Amino acid sequence: MIALTNCRLVKYLTEGYKHELADILIDGKKIAAIYPCGENEFSGDTEIIDVKGRTVLPGFFDLHAHLMFSNQNWDYLIRRPEQIYLMESASFAKEYLRMGYTTIRDAGCNHYASGTVRDYIEKGVLSGARVITSGKILSPTAVGNECFGALYEEFDSPDKALELCRREKAHGVDFVKYMVTGAVLNLGGVPGEMVTTQEELDAVVKAAESLGLYVAAHCHGTEGIKAAIRAGVYTIEHASYMDRDSVDMIAEYGNRSVTVPTFAIPFILANELSGPQPEEFKLKANDASEAMAESMRMCLEAGVQTGFGSDLDMSSHLKYPGLEFTARANYNFSNEVILKQATIQSARIVGLDDRLGTIKAGKYADLVVMDGKPDEDMSVMKKLPDMVFKEGRRFMYWTYRNEMV
Ligand SMILES: [Zn+2]
């Protein structure tokens, strides 16, 4: 057993315990108990780790990740041999865990690489975040898809939806990713423009559902978002250009759709944090992120479930830790809203809130120790966590010189 002592807890991320300071007892994979500081005598074989009043948060979720997205060098990304693609995806899953993300949802990969990474992490062969994944990105033929090489699988008839969803299912995906509108990140793509038809979208959702899968749809533009809600898409990715009507439609259709905005990638492009960008990317990114913030504000007011996604590449994540947190704070969303989105809200969206998302006796010990008070000052998230636990095991990171961090 392990006891984390002198933990500072955030009230709205903790269940069944009301004080700010606590000792957390971990037994195997789970949190066994939460005690007031110093009140419990731990048995002699318990490993005691004094976190000295630092803040302990539940493990974070990135619901829109791409493990294949090692950097922003597109030529390199699509030309990598398959084995490099796989190894780099595995290393991104490990970096995610180091950053405090104990669960990520991969929104599109080639070679079904993220599914392999998921399975070998589950087996304990690899160390990394828990992975939930789609496979290839299904898409109607559209301008700019070729920028991503074989990551996209184009098809143009509702009749083909079942065949392609079956193939994805046979490769072990957890859900199906489909393109409904143009993208920010492909040259010539118009984010607001719908690239599919209602009929095709209905067919994809029906096909996926018949196989026990849900659809995550890439949607920036209003018409595309509305078509996705009508079709019964579960997760509306990016959800940039929503209007009052589309927000209301979610409730009218029985709240079967949720949104996963992604602020980090447009933020980094618009501000050229990863180097100079084509003018087209910069303009699209700036416009999309302003609209995304307004959309998220409307969704929060209307009680639409809103998750935490970044869509960000590994090198930018490592260069700017916590960027999704600070990008949301930049649009004046409260620390409470942001921290809940990154934990319990996202856990709910992927159906893991009975095991994850808050600190509670009986839940998995996915814990992140931060130096500072992110609930009071989000810029604390710009530092990497001091410690990360996933299912009760402390994550140890070795650098190339074999030093433990
Ligand atoms: Zn994406």
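Residues numbered from 1 in each chain as written. Predicted model: local features only at pLDDT ≥ 70, side-chain atom pairs only at ≥ 80, totals over all residues. Heavy atoms only, no water.

> Please explain the overall build of the chain as it appears in this structure.
A count of helices and strands for the chain gives 12 helices and 17 strands. For 405 residues, the compact-globule estimate of 2.2 N^0.38 gives 22 Å, and the chain sits close to it at 21 Å. Projected onto its principal axes, the C-alpha positions of the chain cover 65 × 45 × 45 Å. The buried share among the 405 residues of the chain stands at 58%. On the chain, roughly 16300 Å² of surface is accessible, and the fraction owed to carbon and sulfur atoms is 49%. Averaging the coordinates of the 43 positive side-chain charges in the chain and doing the same for the 57 negative ones gives two points 4 Å apart. (Helix = DSSP H or I, 4+ residues; strand = E, 2+ residues; numbered from the N terminus. Rg over C-alpha atoms; globule rule 2.2 N^0.38 Å. Buried < 20%, exposed > 50% of the residue type's maximum accessible area, 1.4 Å probe, protein only. Areas by Shrake-Rupley, 256 points an atom, 1.4 Å probe, with all protein chains shown as cover. Lys, Arg positive; Asp, Glu negative; His and termini not counted. Charge placed at Lys NZ, Arg CZ, Asp CG, Glu CD.)

> Can you walk me through the coordination of the zinc ion in this structure?
Perfect tetrahedral coordination of a metal by four donors corresponds to 109.5 degrees between them, and perfect octahedral coordination by six donors corresponds to 90 or 180 degrees. Protein-derived ligands of the zinc ion are His64 (NE2), His66 (NE2) and Asp311 (OD), with the metal-ligand distances lying across 2.0 to 2.5 Å. Binding-site remark: the zinc ion is held by donors from one chain whose sequence spacing is H-x1-H-x244-D. Here His66 is found in the loop between strand S6 (60-65) and helix H1 (74-79), whereas its partner Asp311 is found in the loop between helix H9 (279-302) and helix H10 (314-319), with 245 residues between them in sequence. (Donors = N, O, S within 2.8 Å, 3.2 Å for Na, K, Ca; no water.)

> Please clarify how the sheet that holds strand S12 (residues 215-219) should be interpreted in this entry.
Remark on secondary structure: sheet strands pair via backbone hydrogen bonds, oriented parallel or antiparallel. Taken together, the six strands give an open sheet; going across it, the order is S10-S9-S11-S12-S13-S14, and neighbouring strands pair in parallel fashion. At either margin of the open sheet sits one strand with a lone partner, and together these are strand S10 (152-154) and strand S14 (258-260). With direction set aside, neighbouring strand axes in the sheet form an average angle of 30 degrees. Where strand S9 (residues 137-139) and strand S11 (residues 176-179) come together, two bridges link them in parallel fashion. (Pairing = 2+ DSSP bridges. Axes fitted to C-alpha atoms, helices over the stretch in contact; angles between N-to-C directions.)

Scope: geometric values only; no functional claims are made or implied.
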